[in-house]
Structure formats: C-alpha cells, structure tokens
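Coordinate inspection notes
Each chain, letter by letter, is given below.
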Amino acid sequence: MTVTGSSQVLGVFGDPVAHSLSPQMHARFAEDTETDTIYVPFHVRAGHLETALFALPSLGIRGVNLTVPHKEGAFRLLSEPTDAALAIGAVNTVVVEGDRLVGDNTDAAGFQADLEAQLGHSGWERSTVVVLGAGGAARAVVHALNEAGVPEIVVANRTREKAEALVADLAPGPGRPVGLPGKELEDALGNARLLVNTTSLGLHGEDIPGLSLDALPPEAGVYDLIYNPARTPLLREAERRGLAVANGLGMLVRQGAVSYARWTGQEPRVEPVLHWLQGQLGN
C-alpha cells in the first residue's frame, strides 16, 4: 500500500485493537477497487471515545469502524443514527459527512448475507432460531433474523435480565428470553433449525457451560461468530453430530465490505478477500 497526500484515511477504534484483521482486510478492498485509502487501527480507551469521535471531521478522517467496547457507547454519543443503528442500538460504522457524524450498523447485513451464503435457506427462516448472548453482537443478529422473518427468536443469556432487555428493546419482534442453561433453553433447541453463538465463549478453547446440543434436530445448523479459532469447541461438537456449521469470518468480511462502500462509494468483491483471510488464519 502506498500512502499519498490525497489518501482517504479510514480506521477502527477499539480497546484492544492490535489483534484486528480489519487493516489487512481493508487493504485488500483498496487493491480490489483501486481506491486510494489507508485504514488505521486506533487504540481508543472508553474514556476517550467522545473526544476521538468528535475529532474525526477536524482530522479529515472519512470514517471509522467501532469494535469492543465502543459500539453501544458510540450509539449514545451520536445524534444521527441510521435506521439499522437505531433498531439495533449499537454503531459499528461512522461515516463523516462534512461536520456531521452518521452512525451506522453493518453487522446485521453482514451476518444475514454470510448466513445465507454458508448455510443457505435450509429452513431456519421458517423455524425457531436460538441466539446465545445478549450484547451488541446479539442485537445485530436478532435484528437480522427479525428482518428475515424468522417466526421465533429465543435469546439465551447467563443473566436472564439482559436477554429480557434485548428482547424488549427490539420489540415488536418474535423474541423470547430464556436463561442459560435451563429447561427452557433445552426445549427451545428441540424446535430450532439454527443456533447462533454471539458470546466470546470458545475464543480460548473453552466450552459454553451448561449447553448441550443433544436436543438439536439433525437438520439444524450452528453458526459461531468467533472465527479465530476457525473451529470452536461448539462447532467441533456440532460437526461430530453431523450438523451444518459456519464461523464468523465471512460476517467480518461482508460487514466490512458494506462499510467500505459507505465510505468510498466502491463495492469490493468479498470472495477473494475472504479466501485470502482464510489462508492467513489457516481456516
């Protein structure tokens, strides 16, 4: 990548941020679209988020992504959310329009596109879907499933109150909160055609306490937003049972491509970048 005086500056705010694959991904988007951009990781701590966000226009930065722990904080700070950000209650993409900061959320679009690409229309859109977790990622997933017309979305969380709050915030929708673990969750899995893990459990090789896949029907699929490792214990167990599985690397690339198009007006191809990242991670 060659940086020039006319390069558009993009970036990502996170804490931590050194591990992010986004700079490599967006460098490939720039190559693919022949667009003069540079994408920078900014280590922004929670207490500095407001200062960093409102400095973007003065610095001439075209836009940034937001990752942990900033998505919900940015939503509270920005006065111009898109419909998607407003519905989800979180911002993962900021577009600078002159002196205005527009808060968007591309996670839902990225998840839905990747879910369809990897697991197809296998019946999940007409059945119960169980979502593990109740944070910002879960909000995007539940919004996407709601938009896809899923008739029942069960949100399971160790703190049931958080699941209840998510369902209430995204109403009116077909959401139902349950605890994790519990009999309600087990019953929901028996009717589910899709299980989605939005928690960080599995990132370091750990199981999800109290979760059993025994009740899932054989035609169900399991999608884990974690992509490194490519196969979490949850996905390995699902594969042993012969269930269709997918990780979240495609969601990362697809939501990133939507963000890139928002900033530059250029739509990068997803598949070449996805294959390159799979090679880098040994997926």
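This is a predicted model, so every value here is computed, not measured.

So, about the nonpolar core. Ranked by size, the top nonpolar core spans 29 residues in total, and within it Phe111, Leu145 and Tyr223 carry the most contacts. Elements with a contribution of two residues or more to this core: α6 (107-119), β7 (128-132), α7 (136-147), β8 (152-157), α8 (160-169) and β10 (192-197). The dominant element in this core, judged by the number of residues it contributes, is α7, at six residues. Contacts of Phe111, omitting those with residues within four sequence positions, involve Val141, Ala144, Leu145, Val196, Tyr223, Leu225 and Met251. By size, the runner-up hydrophobic cluster in this structure holds 23 residues, among which are Leu201, Leu234, Ala238 and Leu243.

Another point: the environment of Ser58. One can find Ser58 in helix α3 (residues 56-59). Taking the C-alpha atoms as reference points, Ser58 and Gly175, 117 residues apart in sequence, are found 42 Å from one another.

The N-to-C vectors of helix α11 (residues 249-264) and helix α12 (residues 271-281) enclose an angle of 140°; their axes lie 10 Å apart at closest approach. By the criterion of interaxial angle, the relationship of α11 to α12 is oblique. The interaxial crossing formed by α11 with α12 has right-handed handedness. Between α11 and α12, the residues in contact are Leu249, Gly250, Val253 and Arg254 and Glu271, Val273, Leu274, Leu277, Gln278 and Leu281, respectively.

What follows concerns the packing of aromatic side chains. The tally for this structure, following the rule as stated, stands at four aromatic pairs. Between Phe13 and Phe42 the ring centres are 5.7 Å apart and the planes differ by 90°, which places this aromatic pair in the edge-to-face class. Here the residue Phe13 occupies a position in strand β1 (residues 8-14), and Phe42 occupies one in strand β2 (residues 37-43), the gap between them amounting to 29 residues. By relative accessible area, Phe42 is classed as partly exposed at 25%. Look at Tyr39 and Trp263: their rings are 6.3 Å apart centre to centre, the planes differ by 45°, and that puts the pair in the tilted class.

Bringing the pattern of salt bridges into the picture now. Charged atoms that come close allow side chains of opposite charge to pair. Summed over all chains, the structure comprises 17 salt bridges. A salt bridge links Asp104 to Arg262; the nearest nitrogen and oxygen atoms lie 2.6 Å apart. With Asp104 in strand β6 (residues 100-104) and Arg262 in helix α11, this residue pair connects regions lying 158 residues apart in the sequence. With its nearest N and O atoms 2.6 Å apart, the salt bridge here joins Arg160 to Glu184. Of this pair, Arg160 sits in helix α8 while Glu184 sits in helix α9 (residues 183-190); the two residues are 24 residues apart in sequence, bridging distant segments of the chain. Of the residues examined, Arg160 reaches a relative accessible area of 29% and is grouped as partly exposed. One connected set of salt bridges, linked through shared partners, spans Asp214, Glu237, Arg240 and Arg241.

Taken in spatial order, the six strands of this open sheet run β2-β1-β3-β5-β6-β4, and their pairing is mixed. Sheet topology places β2 and β4 (80-81) at the edges, where each strand pairs with a single neighbour. Of the pairings in the sheet, the one linking β1 to strand β3 (residues 61-66) comprises five bridges and is parallel in character. Bridged to Gly11 within β3 is Val64. The strands touched by helix α1 (residues 22-33) are β2 and β3; relative to β2, the strand with the most contacts, the crossing angle is about 170°.

Calculation notes
Residues numbered from 1 in each chain as written. Predicted model: local features only at pLDDT ≥ 70, side-chain atom pairs only at ≥ 80, totals over all residues. Heavy atoms only, no water. Core = buried A, V, L, I, M, F, W, Y, C linked by side-chain atoms within 4.5 Å. Buried < 20%, exposed > 50% of the residue type's maximum accessible area, 1.4 Å probe, protein only. Helix = DSSP H or I, 4+ residues; strand = E, 2+ residues; numbered from the N terminus. Contact = heavy atoms within 4.5 Å. Axes fitted to C-alpha atoms, helices over the stretch in contact; angles between N-to-C directions. Parallel < 35°, antiparallel > 145°, perpendicular 65-115°, else oblique. Left-handed = near helix turned anticlockwise from the far one by under 90°. Phe/Tyr/Trp six-rings, centres within 6.5 Å; stacked < 30°, edge-to-face > 60°. Salt bridge = Lys/Arg side-chain N within 4 Å of Asp/Glu carboxyl O. Pairing = 2+ DSSP bridges.

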